Structures are given as C-alpha cells and as structure tokens.
Amino acid sequence: MRVGHAVAAHRSLLGVAAALVGAVVGAAAVVFNLAIRAWTWVSTGFDEYTTHVGQPHGVWGWTPWLFLLLSPAIAGLLYGPLIQRFAPSAKGHGIPEVMLAVRRKGGRIPGRVAIVKILASALTIGSGGSAGREGPIVQVGASLGSTIASWLRMPVSRVVLLASCGSAAGIAATFHAPLAGAVFALEVILVEFTAETFGFVVLSAVTSSVVARILQGDEMVIRVADNLTFASMSDIWWVAFLGLVAGLCGLGFSKLLYASEDAIDWLWARTHLPEWARPGVLGLALGAALVAFPYMYGSGYPLEEDAIAGSYSIAFLLALMLGRAVFTSFTIGMGGSGGVFAPTLFIGAMAGAAFGDVISPLSDSPVGVFAVVGMGAAFAGAARAPMTAVLIIVEMTGQFSLILPMMLAVVIAMGASRFLTRATIYTEKLRRRGDVLDDPVEGTLLGTRAASEWMTEAPEKLPCEASAASAIAALRRTKETVLPVMNDDRRFIGLVSSLRLAELTQEDGSLDAPLSDLPLIDEAVAASAPPSEVLGALRRTGLQSLPVVDADRRVVGWVSERDLVDRMYRDQRRAIEARTQTSWGSRMQERRRSR
C-alpha cells in the first residue's frame, strides 16, 4: 500500500507507471493480433482470407463453403461458454463497459477480462466474424491498467487514470496512432481531463506504440499506394456534402446494430436454449451468410485499401457497405466479441469511395480522397468523437495533407448526428440497460445518494413519557431546536420543538407534563429519500433538523442544516487546497525561503 500511495503522490513515479502500462498493453496488442492471424490461419489456411476469396483451405484443401459454414459455429462453441463462465462483460464491443467502469465504478475492471477478451475476440474475428480489433484492445488495455493500479493499491483517482492510459495504449498499438489513442481516451473514455492527465495518457500511448512497432513492424494499418492530394478548393463543397452522407451512414449503422440485437434477443428467447450456446448455434447462420458473401470475412482491411485505390465499381462498393453493416450487426447480436470502430470506418470508406466515383466527372480530387474523408465522417456520425475521428484516420493512412477536408466533413457529420439522436454508438448500449454516464445531479454536493448514505446519528431520542422539563434539558445538551419523540414500541410519533416548550413556559404550563400530552410535529424523511426530497422537506417545514425513519417508523438517522453547512465548508476547503499545485522547483523555493 505504501508503494501505491508513493507512486500516486509523485508525478515522476506515476509517469513510470503510465509507461509500464503502455509497454504491457503494447505487448498485449501484439499478442492479440497474432492470435487473430493464428485462428484465421486455422480456419482458412491464410493469414487474411479476403485476399484469397473463393480458394480452398490453404492447408488442408477443404472446399470453401465447408470451412466458411463451420468456422463461426465452432469458434462460437468455444468462446460462448468462456464468456458466460468467466467474464460476461467481454461480450460485445467492450468500449461501453470501459466507459462505465472509468466514470461510474472507480476504474475497476477485473484482470481476467483481459484474458477472456483476447481469446474470445481472436476466435470471433479469426473465424469470420465481422468485427473490429479496437473495442477488444481498449477493454484489454483498460483491464490491464486497472489491474496494475489495483496491485499497487493506488487510490481510486489513479486507478481511473491508469485504466484510461491502458485504453489509449490499446488504440495506439493497434492502429499505430499514438496521438489518436491519447485523444480517444480523453474524448470518449474520460471526457473531462486536465493537462496533467493528458501528459500521462500520451506517455502511455507513445510507449505502447513504440513497443508494438518494435515487435511487429512499422507499416501503416491501411496502406495507401500514393499520397492523396486534395486537388482543388472547389471540391470543399463536395466534402461538406460527403460529411453529411457518410455521417448519416455511420448513424444508420448504429441504429441497425441495436435493432438487430433486439431482434436476435427476441428470437433467442423463444428457443429456450442456454445463453452460452447462442454464438455456436447462430454461428451457423453467420457461416451460411459468409458462403453467400465471403468478402465479409473478418475485418476486411485489404478491401478498404482497394476501395481507396479506386478498384471497385459503385455497385460493389455499396454492396460492401451494406454487407458490413448487416454482418457486423449480426456478429455482435449473436454474442460475438469484437469492436464496431473498424466496421464503422469500413462503411465510411465504401460510402466515400462510391460518392467519389459518382462525382468524379465534376471533381478534381481522386476517389481515394473521398474514401479517406468518408471514414472519419462515418465514425464521427456514429461516435461523435471529432478529434479522434480526424487524428486516427490520418495516422492510420499517413494522409496528413487531408486534415483540412477531414475536419470539415467530421464536424458536419457530428452535427447531423447530434441533431437526429441523443446517444452515440457507445452510449446507446449503456442507456438501453439503464446505466447513466453523465448525470448532472452527480455534480451537486449530495449527488443522488439516499438520505441513509449521508445522514448522521440522531443526537437524542426522547420517550413519550418523558417530561417537558427533561425535553428542555435535552435540547440544551444537544443544541438542537427539535428532538424526536418515540412511543413504547420505539417508533417515531413526532418532534418536540424548543419553540413549543418556550410557549409552554410563558403560559405557565406544567413542565412535568409528559411529551405525549404536547402537540408534536409529525415531520420526517424516509431513509431512501433522495437529497432533493430531504432539502425540500427542510425548506417546506422551516425546521433546522429532521429525523430519518425506516419503513417501520423507527429513527435511523438525522439530517440537519448544520451538517449541510459543514459539508459545504469541507467541499470548499478541498477546492481551495486543490487550487494550489506544487512542483519540485516550487518546493525547493519554499525550503530556501523557510531558511
């Protein structure tokens, strides 16, 4: 524990921890890529099947329809029970689970998730599942970062930081895009960040990218034959239009993804078969679809490269775009493990290339320019992460000259998406199951906590047979203006107030009278009451304190204006202390001054 607190408290040591996370995640990304290639080789006999479509198995010579039909089902029977038994959160695309863990669960992600996610995703993609690598590696990286922080017993804030560093490292290593990886972690995972956080995340992303490049080479994820040139500024209007079209394609894919999941859930519920069998049984349907359209096998990066090169007809580009949307939706819906980031880019590339072909007689820019721009616009429409959309495309393809048109298309795509829907392709999954990422109420002093979570102990409870004189003495001892009165069953029957007792004294009433004979104030709040209800009761009654009661009317706690002021004071003090940041240089100056 001492090591963890020492690392968390010193920026230099925390930087070492961030770099360590990056190195570990970079190595894990390489292992993940090798696992996908290995299972693709087992399933098809080739490292990448989309460059050998129609050929028999590269090792055993099986006819194509046989291994295409059976591979997804066999893999599903392997990873279905694995996910169900050890890590149910490894199902699907993974990024929503990381967002929830980082922003609502203190960054805690079990270490076993990393292992299960690598195995399940490699089996899914390697057997022909139409899914991407980024979602799995983001979840793997976050799990590894969280596990390292937990091993060191760091405080929650540092667990969140290292989990975010792991997410950035995963993207950086997978796509050779360290800057985009860092921005993705800040823009999508953390949302709110400081310059200091940015530094640690970048350090982790750079380390991860370096490790991955050393271990598996330095080539672009998507190889573009020539440097694409945005030939004329007159084409900027076409880029703006493409931003709208590709953004709507990305948004449409997001809607289809969850509509398919609902339909498959409805269908599977009527089979009464166990959940672990779902990927295996429905894998046969995916296999049959692959027999009909084998170009949808795996992630399909070679197809994107050919589309950017202008090698396909408009009809085939549209078929690839629609096919990817349908196949990915089915792969995720049947219980497969894989990302939706890469499929979204694929859809954008096909839409952009088709758009470029249509307007080619009116444009001076090559088709590849519109394909690359379409990738970023589609992702922006689906995920509404504009900085990530711009940076990851130019880093993946090496086309840094396209930043200007990319920025315009991305902003238009994001604007159209935001106008039409409130959720993104990532937050929709959480919204549908009732998980809230950004609740404005959480930013208030008491948040959404029930009264039972922040109440204090009742200062004193008075029996109903106690005299008025003893009540006056109790009020003086506790310095309260009201105190709860209980019946013989220890249930709350009302509040005795100092004002009523003062009136009794002025009226020369008997101070020996039991409290049960006095008019009591029947006001209390339930233990489950939210802060708004408690504050409303204090405001409505004008009382300075109220008892908290359970379902049986027994007093279990106390809320008071004095306690609320104390909380406000502590919150203000923490903010004032956080205002003053120190560094090694400033501490040295303070020591010299103190001498």
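These numbers were taken from a predicted model, which means no experiment stands behind them.

The rules behind each value
Residue indices begin from 1 for each chain and proceed along its sequence in written order. In keeping with the model being predicted, local features are shown solely for residues with a pLDDT of at least 70 and side-chain atom pairs are shown and tallied solely at 80 or more, while totals for entire chains, interfaces and linings include all residues. No hydrogens and no water enter the side-chain calculation; it runs on all heavy atoms of the structure. The pairing criterion for strands is at least two bridges between them, as found by DSSP. Here a strand is any run of E in DSSP of at least two residues, a helix any run of H or I of at least four, and the numbering for each starts at the N terminus. Residue contacts are defined here by distance: any two heavy atoms, one from each residue, within 4.5 Å place the two residues in contact. Helix axes are fitted to C-alpha atoms over the stretch in contact, other axes to C-alpha atoms as well, and angles between N-to-C directions run from 0 to 180 degrees. In this scheme, a residue with accessible area under 20% of its type's maximum is buried, one over 50% is exposed, and one in between is partly exposed, where area comes from a 1.4 Å probe on protein chains only. Just to be clear on terms, a salt bridge is a Lys or Arg side-chain nitrogen sitting within 4 Å of an Asp or Glu carboxyl oxygen. All domain edges in this entry derive from an automatic or database-based domain assignment.

A.B. asks: Please provide a residue-by-residue account of the sheet that holds strand β6 (residues 555–560), values included.
C.D. replies: Pairing is mixed across the open sheet formed by 3 strands, whose spatial order is β4-β5-β6. Only two strands of the sheet have a single partner each, and these edge strands are β4 (525–526) and β6. Across the sheet, helix α22 (residues 531–541) is in contact with β4, β5 (545–549) and β6; its angle to β5 comes to roughly 140°.

A.B. asks: With reference to specific residues and values, describe unusual backbone geometry.
C.D. replies: Of note in this structure, R153 is not a glycine but carries a positive phi near 60°. With respect to the helices and strands, the residue R153 is situated in the loop between α6 (134–151) and α7 (156–175). Classification of R153 as exposed rests on a relative accessible area of 53%. Within the chain, H272 stands out as a residue other than glycine whose phi angle is a positive 60°. Tracing the chain through its elements places H272 in the loop between α10 (236–269) and α11 (278–292).

A.B. asks: Talk me through the environment of Y301; I want residue IDs and the actual numbers.
C.D. replies: Here Y301 shows up in helix α12 (residues 301–308). With a relative accessible area of 10%, Y301 lands in the buried category. Separated by 55 residues in sequence, Y301 and A246 place their C-alpha atoms 18 Å apart.

A.B. asks: Please give an account of the sheet that holds strand β3 (residues 492–497) that cites residues and values.
C.D. replies: One open sheet accounts for 3 strands, arranged β1-β2-β3; its pairing is mixed. Strands with a single pairing partner mark the edges of an open sheet, and in this sheet they are β1 (462–463) and β3. Relative to the sheet, helix α20 (residues 468–478) contacts β1, β2 (482–486) and β3, its axis offset from that of β2 by approximately 130°.

A.B. asks: Would you mind going over the pattern of salt bridges in detail, with residue names and values included?
C.D. replies: For side chains of opposite charge, pairing can occur when their charged atoms come near one another. Under the definition given, this model contains 15 salt bridges. D262 is the partner of R432 in a salt bridge, and the nearest nitrogen-oxygen pair spans 2.2 Å. One end of the pair, R432, is in helix α18 (residues 427–432); the other, D262, is in helix α10, with 170 residues separating them in the sequence. Accessibility expressed as a relative area gives 36% for R432, which makes it partly exposed. By relative accessible area, which is 39% here, D262 ends up partly exposed. A salt bridge links R553 to D522, with the shortest nitrogen-to-oxygen separation between them at 3.0 Å. Residue R553 is found in the loop between β5 and β6, and its partner D522 is found in the loop between α21 (498–506) and β4; the two are separated by 31 residues along the sequence. For R553, a relative accessible area of 31% puts it in the partly exposed group. D522 sits in the exposed class, given a relative accessible area of 52%. By sharing partners, the salt bridges in this structure join K91, D265, E275 and R278 into a single network.

A.B. asks: Describe the pairing of β2, and please don't skip the residues or the numbers.
C.D. replies: Of all 5 residues in β2, 5 are buried, a share of seventy percent or more. Taken together, the 2 bridges between β1 and β2 define a ladder with parallel strand orientation. Across the sheet, L462 pairs through a bridge with V485, a residue of β2. Where β2 folds back onto β3 in an antiparallel hairpin, the turn is made up of 5 residues, including R490, whose phi is positive at roughly 65°.

A.B. asks: Pulling in residues and values, what's your account of the domain arrangement of the protein chain?
C.D. replies: We note that the domain assignment places domain 1 (1–216), domain 2 (234–433) and domain 3 (451–569) within the protein chain. Taking only C-alpha atoms into account, the centre of domain 1 sits 55 Å from that of domain 3.

A.B. asks: Break down the environment of I236 for me, with residues and values.
C.D. replies: With respect to the helices and strands, the residue I236 is situated in helix α10. For I236, a relative accessible area of 17% gives the class buried. In this structure the C-alpha to C-alpha distance between I236 and P405, which are 169 residues apart in sequence, comes to 6.7 Å. Excluding residues that lie within four positions of it along the chain, I236 makes contacts with F230, P405 and L408.

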